[in-house]
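Residue strings, one per chain:
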Amino acid sequence: MPHITLTDVSVAFPIFGAYGTSLKHVLSSSVTGGRIGQDAGVTVIQALQDISLDIREGDRVGIMGHNGSGKTTLLRTLKGVFPPQGGTREAVGRISSLVEPVQGMEPEATGWENIALRGVLKGISQAEMARLTPEIAEFSGLGDYLSMPVRTYSSGMMMRLAFSIATSIRCDILLMDEWLSVGDVEFKEQAEARLREVVDRSGILVLASHSADLISRECNRVIELRQGRIVRDGRLVAG
Amino acid sequence: MQQSFSSTAAACRDWWRGTRNARAWWTLARYDIVLRYRRSMLGPLWLTISMGLMLLGIGPLYTELFGVSKSEFFPHLALGIIFWQYFAGTINDGCTAFSGAANHIKQGDNPLAVFGWRVWARNLIQFAHHIVLVVPIAIWAGISPAPANLLFFAGFLIVLANLLAATFTLGIVCARFRDVPPIVSSLMQFLMFVTPVFWLPDKLPPKARLLLLNPFAQLLDVVRGPLLDRTPPPAVWASILGWTVLNVAVAAILYARKRSQVVYWL
């Protein structure tokens, strides 16, 4: 059964000042007992604190919160990108993540090559990719543009491609971060239909969004984050 | 004790998971090369051409300067430059193995090891484009294959292991300390001159023989020597094996202890 469980998870980012990433400064400050190299001091940003969360099959979780409240970090922690410094993460099932999916693209490579590359990086077999590629191409609606380098794409086109790839690959858990904001009306409708299909198939959806509308439409559970802590975790009545 | 054992096992599993996914790192490496030359007509063949031109430029000049016989010196120099560029290229590239792959690492689909292997493989592909030049050079210099040449493969395995370890070590250190890459690149520049890349070691005055103790001189010796039918003495093999063990150990310890922090530094 696919599920993700976080227990008392905390995630903190060390932010090194201008000199904190300098080996010379760190060495000289250790020699002088840390007095000279004040700038070498590390600021720590506590991005997530005491997060306990149990996400089970059938959950469609909406994550709400202000900018900087930890939504994206929480998604990445669920995915396993950030190994928690405190607490534990346990995950079962194939996770597909749509957190800044455009970042994983190679700008100089063509659309086709990027499809192949994402497939390889996600560990999809060649046979499965051969089956999925035409489907991805069709859904993206990019047509001949797929033979062009991705750097020539508009951000909407990039998003189409990234979204098509990520939602074509079978997964048990889908993580998304505000993806619906890009794309034209036509693609938005198409994407929402696809999303529903994927959610029905995958069983678990975690969606970070500022849109209360979207969350009440797509989710059955809402989590609100404030300064890296969960301040609300409640069920939504279907409707 | 129990915990350190299980964390070592976890590190090994993580490393192996990335290593096993050879299709991923090999594809990334191949794309790195292909995409770099995408907009040029001859493509990666430029790698071979530019190295060939460099050898043609430096070769005759240095032969005259040192007053040595062409057929003896030129293969030495050519192999020296080709191997050095492979060593220095991998080491300089290794510095950005992880910091340069932040976009992929933050997607969270692959363990860190994939991106270390990618840099290692990318430089191996580059090296393959350079080493083919050995064939025309050998024909020109009248060098015919000898059984001792086979030792090259032993030497090359040592090179591969060391470069892989250096990539992981530097990748981790440079992700944390961003002023290390320029330090490394200056250091490699300096090491190039104290390593017998351009000069013949037997022309050294006795006092300067200490230079040959630098591990890069030995690393060069175990791959170039066998190809030129000048097999290095056992002491050199023993010494470079010692360096290799040290190098691999440092990389393994760093990977085990720091790999989970790297993503926080990107």
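Everything numeric in this text was worked out from a predicted model, so none of it was measured.

Chemist: Hey, could you run me through unusual backbone geometry in this one?
Modeler: For Glu 100 of chain A, which is not glycine, the phi torsion reads 45° and is therefore positive. Here Glu 100 of chain A shows up in the loop between strand S5 (95-98) and helix H3 (111-121). Despite not being glycine, Asp 229 of chain B shows a phi value in the positive range, around 60°. Counting through the fold element by element, Asp 229 of chain B comes out in the loop between helix H10 (215-227) and helix H11 (234-265). The class for Asp 229 of chain B is partly exposed, based on a relative accessible area of 48%.

Chemist: It is not clear to me how the interface of chain B and chain A should be interpreted in this structure. Could you clarify?
Modeler: Much of the literature gives interface size as the accessible area that the parts lose upon coming together. Taken together, the contacts link 27 residues of chain B with 40 residues of chain A. Carbon and sulfur atoms supply 54% of the area buried between chain B and chain A, which totals about 2,900 Å² over both sides. Looking at the side of chain B facing chain A, the largest losses of area belong to Arg 23, Gln 107 and Tyr 264 of chain B, adding up to 26% of the total buried there. We note a salt bridge from Arg 118 of chain B to Glu 106 of chain A, for which the minimum N-O separation is 3.9 Å. Taken together, the elements giving at least two residues each to the side of chain B that touches chain A come down to helix H2 (22-36), helix H5 (102-105) and H11 of chain B. Take the side of chain B that touches chain A: its biggest share by element is 6 residues, from H2 of chain B. Grouping the constituent residues of the side of chain B that touches chain A by class yields 10 nonpolar, 8 polar and 9 charged.

Chemist: Where do I start with the packing of helix H6 (residues 113-131) of chain B against helix H8 (residues 151-176) of chain B in this structure?
Modeler: Helix packing for two helices is described by the angle between their axes and how far apart those axes are. Residue and element names in this part refer to chain B. Here H6 crosses H8 at 135°, and the two axes come no closer than 9 Å. Of the possible angle classes, the one that applies to H6 and H8 is oblique. When you trace H6 past H8, the crossing you get is right-handed. Where H6 abuts H8, its residues Ala 113, Gly 116, Trp 117, Val 119, Trp 120, Leu 124 and Phe 127 lie against Phe 156, Leu 160, Leu 163, Leu 164, Thr 167 and Phe 168. For the contact of H6 with H8, the residue count by class is 11 nonpolar, 2 polar and no charged.

Chemist: Teacher, can you tell me more about H2 of chain B here?
Modeler: Every α-helix winds through 3.6 residues per turn, so residues three or four apart in the chain are directed the same way. Relative to the 21 Å expected for 15 residues at 1.5 Å per residue, H2 of chain B spans 21 Å between its end C-alpha atoms, a close match to the ideal helical length. Those residues of H2 of chain B lying buried are Ala 24, Trp 25, Thr 27, Leu 28, Ala 29, Tyr 31, Asp 32, Ile 33 and Leu 35 of chain B.

Chemist: What should I look at first to understand the packing of aromatic side chains in this one?
Modeler: In this description, a pair of aromatic rings is defined by centroid distance and the angle of the planes. Residues and elements named next belong to chain B. Per the counting criterion, the structure on display carries 26 aromatic pairs over all chains. Centre to centre, the rings of Tyr 86 and Phe 127 are 4.4 Å apart; their planes meet at 25°, and the pair counts as stacked. One end of the pair, Tyr 86, is in helix H4 (residues 70-94); the other, Phe 127, is in helix H6, and 41 residues separate them in sequence. The exposure classification of Tyr 86 matches that of Phe 127, with both residues buried. One aromatic cluster in this structure is built from Phe 83, Trp 84, Tyr 86, Phe 87, Phe 127, Phe 152, Phe 153, Phe 156 and Phe 216.

Rules behind the numbers
Residues numbered from 1 in each chain as written. Chains lettered and ligands numbered in written order. Predicted model: local features only at pLDDT ≥ 70, side-chain atom pairs only at ≥ 80, totals over all residues. Heavy atoms only, no water. Helix = DSSP H or I, 4+ residues; strand = E, 2+ residues; numbered from the N terminus. Buried < 20%, exposed > 50% of the residue type's maximum accessible area, 1.4 Å probe, protein only. Contact = heavy atoms within 4.5 Å. Buried area = accessible area lost by both parts, 1.4 Å probe. Salt bridge = Lys/Arg side-chain N within 4 Å of Asp/Glu carboxyl O. Nonpolar A, V, L, I, M, F, W, Y, C, P; charged D, E, K, R; others polar. Axes fitted to C-alpha atoms, helices over the stretch in contact; angles between N-to-C directions. Parallel < 35°, antiparallel > 145°, perpendicular 65-115°, else oblique. Left-handed = near helix turned anticlockwise from the far one by under 90°. Expected span 1.5 Å × (residues − 1). Phe/Tyr/Trp six-rings, centres within 6.5 Å; stacked < 30°, edge-to-face > 60°.

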